[in-house]
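Observations on the model geometry
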Amino acid sequence: MPDLHPASTVHATITERGGMLLDVRGRGRWYALTGSGALWWRHLAKGATADEAADAVAAHFGSDPERVRADMRNLARELQDRRLLHVYSRGRWHR
Amino acid sequence: STPETYSAPQLFELDVVK
């Protein structure tokens, strides 16, 4: 999974039970994340890679890491489609 | 406030816009 980071326009409130995301682009949109996704988002926001975050979620719940990684890949696609997550790209100079 | 069991994450877009 590519490295991902939350969009700068997204403000998140994360609890152990879930999370709320407010995307202030345009007219503003609210999203709700269930518990495992919210925990994954929290790790991502702290700088973990997508897979590291998924592994942390798996450890928290005592779940199969491969299953959690697959689930988080699906979630990442949804979040990227809504422009709430971006692929992290290291800056390069082009001539 | 019992260990939680894992469930796949879900994302909901709320039907509110101030």
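Attention in this report is confined to the structure presented alongside it. Here the structure is a predicted model, which is why all the values come from computation and not from measurement. (Residues numbered from 1 in each chain as written. Chains lettered and ligands numbered in written order. Predicted model: local features only at pLDDT ≥ 70, side-chain atom pairs only at ≥ 80, totals over all residues. Heavy atoms only, no water.)

Bringing the interface of chain B and chain A into the picture now. Contacts between the two partners involve 13 residues from chain B, matched on the other side by 25 residues from chain A. The contact between chain B and chain A buries some 1800 Å² in all, and 56% of this surface belongs to carbon and sulfur atoms. For the pair chain B and chain A, the interface holds 1 salt bridge. The closest approach of N and O atoms between B:E13 and A:R82, which form a salt bridge, is 3.7 Å. For the side of chain B that touches chain A, the per-class residue count stands at 8 nonpolar, 3 polar and 2 charged. Where strand β4 (residues 29-34) of chain A lies against strand β1 (residues 11-13) of chain B, 3 bridges are found, and the strand directions are antiparallel. (Contact = heavy atoms within 4.5 Å. Buried area = accessible area lost by both parts, 1.4 Å probe. Salt bridge = Lys/Arg side-chain N within 4 Å of Asp/Glu carboxyl O. Nonpolar A, V, L, I, M, F, W, Y, C, P; charged D, E, K, R; others polar. Pairing = 2+ DSSP bridges. Helix = DSSP H or I, 4+ residues; strand = E, 2+ residues; numbered from the N terminus.)

Attention now moves to the sheet that holds β4(A). On the basis of which strands lie adjacent, the open sheet formed by 4 strands has the order β2(A)-β3(A)-β4(A)-β1(B) and antiparallel pairing. Only two strands of the sheet have a single neighbouring strand rather than two, namely β2 (10-15) of chain A together with β1 of chain B. Pairwise comparison of adjacent strand axes, ignoring direction, gives a mean angle of 20° for this sheet. One ladder, built from 6 bridges, connects β2(A) with strand β3 (residues 18-23) of chain A; its direction is antiparallel. Bridging across to β3(A), A:H11 finds its partner in A:L22. Its contacts with the sheet put helix α1 (residues 35-45) of chain A on β2, β3 and β4 of chain A, and the angle it makes with β4(A) is roughly 105°. (Axes fitted to C-alpha atoms, helices over the stretch in contact; angles between N-to-C directions.)

Bear in mind that shape data such as this cannot, by itself, settle questions of function.
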